[in-house]
Amino acid sequence: MGSLLDIRPISHWLPNIDNPLLISGPCSLESEEQTMATARELAKDKRVMVFRGGIWKPRTRPGSFEGMGTVALKWLQQAKEETGLLTGTEVANAQHVEECLKAGVDILWIGARSTASPFVVQEIADVLKGTDQIVMVKNPVNPDVQLWMGALERLNHVGIKNLVAIHRGFTPFGDSKYRNYPNWKTVIELRQLMPNLPIICDPSHIAGKREYLFEISQKAFDLGLDGLMLESHIDPSCALSDKDQQVTPSELGKILDKLVIRYASSNDPQFENMLDALRSRIDGIDHEIMEILASRMEIVKQIGTYKKENKVTALQINRWTQIMEDRLKIARKLNLDETLVKLMFQLIHEDSVRMQTEIMDNDL
Ligand code: PEP
Ligand code: MN
């Protein structure tokens, strides 16, 4: 079930924005020097609008660097004073929120592990009640769009309207090219369910490796997401967390230079006319596909009746194997994606068997 929450666009709290929202900064704030050196370099690039830095780090296993804690809030304040960048950090409990509100941190985000826990989210929401804070919610580690929405709703119910969702990928099963599986369909689902919610992408935590940052960022723009959060560090080789996925501010600039920003629509009338023409051809083809599918189903029914009269089973494994082999051969010849064709025929076959068993079981 979708929900149209009372959510403000990014331009409400960032009026000068005319490009996608860009957030960058270290995974973790490690020292005053590292914070300030990174912030100063980033501020030279006018495309960066928010400086991020982790202060309390949720680590999967104990024993790794868990952030500098409260002392780092001062460095964040200092970065804001000196560069004018907005600041943001992750909060994971009521005490973090209280400290950030006191220190004037502009943006708080709920991390992937916390979003997965409704108690934690509620505890954070309760402290934020009555404030006009900007809050971002990362997706939960598992691809559960309801849990993600639930966290956004908990915040909205206490009056938080400056909300943004962050897509940072999902824990993969088994081997995976990326550290976290992007599962773009979950993001598309969130967009459909909460159409007025700004969504940005965190390619750093999806990638796990800096070499993949560009392709993931471009994909986010291709899908029309509203911005990016990319981790950067003045010297990634010495980073105390997420070393392999951070880039220097100047490498970040090079990634941004290459990215093509896409817009929801174009005001070029020629583009609109061409798009309309192509879309009406697609509509025509879809209607033809459906008519052909209806004729196929008619024949499936006839076969069902015929099998019933002759006491033959609906499911014929050999025939099914042959169909799949043949259709995949054609898919390869026509340069069609094999997974698409396989899934499509699996669905068609499943429905054909369902129809035939229904015919057989009628008036039993
Ligand atoms: C982070 O932003 O550094 C972080 C820990 O992210 P996530 O919650 O996405 O793992
Ligand atoms: Mn990180």
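Right, let's walk through the structure included here. (Residues numbered from 1 in each chain as written. Chains lettered and ligands numbered in written order. Predicted model: local features only at pLDDT ≥ 70, side-chain atom pairs only at ≥ 80, totals over all residues. Heavy atoms only, no water.)

So, on to the coordination of the manganese ion (ligand 2). Those donors, C27 (SG), H205 (NE2), E231 (OE) and D242 (OD), are the protein atoms that reach the manganese ion (ligand 2), and they lie 2.1 to 2.4 Å from it. Every donor residue of the manganese ion (ligand 2) comes from the same chain, spaced as C-x177-H-x25-E-x10-D. Of the two residues, C27 is situated in the loop between β1 (21-25) and α2 (32-43) and D242 in the loop between β8 (227-231) and α11 (249-258); the sequence distance between them amounts to 215 residues. No difference in accessibility class separates C27 from D242, as the two residues are buried. (Donors = N, O, S within 2.8 Å, 3.2 Å for Na, K, Ca; no water. Helix = DSSP H or I, 4+ residues; strand = E, 2+ residues; numbered from the N terminus. Buried < 20%, exposed > 50% of the residue type's maximum accessible area, 1.4 Å probe, protein only.)

A few words on the state of the cysteines. The bond known as a disulfide is covalent and runs between the sulfur atoms of two cysteines. Applying the stated criterion across every chain yields a total of 0 disulfides. For C100, which is in no disulfide, the shortest distance to another cysteine sulfur is to C27 and amounts to 16 Å. Overall, C100 belongs to the buried group, its relative accessible area being 0%. (Disulfide = S-S within 2.5 Å.)

Between helix α4 (residues 94-103) and helix α6 (residues 118-128), the least distance of the axes is 8 Å, while the angle of their chain directions is 30°. By the angle between their directions, the pair α4 and α6 is classed as roughly parallel. As α4 packs across α6, the resulting crossing turns out to be right-handed. Where α4 abuts α6, its residues A94, V97, E98 and L101 lie against E123, I124, V127 and L128. Its residues assigned to classes, the contact of α4 with α6 comprises 6 nonpolar, no polar and 2 charged. (Axes fitted to C-alpha atoms, helices over the stretch in contact; angles between N-to-C directions. Parallel < 35°, antiparallel > 145°, perpendicular 65-115°, else oblique. Left-handed = near helix turned anticlockwise from the far one by under 90°. Contact = heavy atoms within 4.5 Å. Nonpolar A, V, L, I, M, F, W, Y, C, P; charged D, E, K, R; others polar.)

Take the site of ligand 1 next. Close to ligand 1 lie C27, R52, K57, E90, W109, G111, A112, R113, K138, R168, H205 and E231. Within the side chain of R52, a nitrogen or oxygen atom sits 2.8 Å from an oxygen atom of ligand 1. Here an oxygen atom of ligand 1 sits 2.8 Å away from a polar atom, N or O, in the side chain of K138. In isolation ligand 1 exposes 290 Å². Once the protein is present, 97% of that is buried. (Near = heavy atom within 4 Å. Polar contact = N/O pair within 3.5 Å; in protein donor to acceptor, adjacent residues only side chain to side chain. Areas by Shrake-Rupley, 256 points an atom, 1.4 Å probe, with all protein chains shown as cover.)

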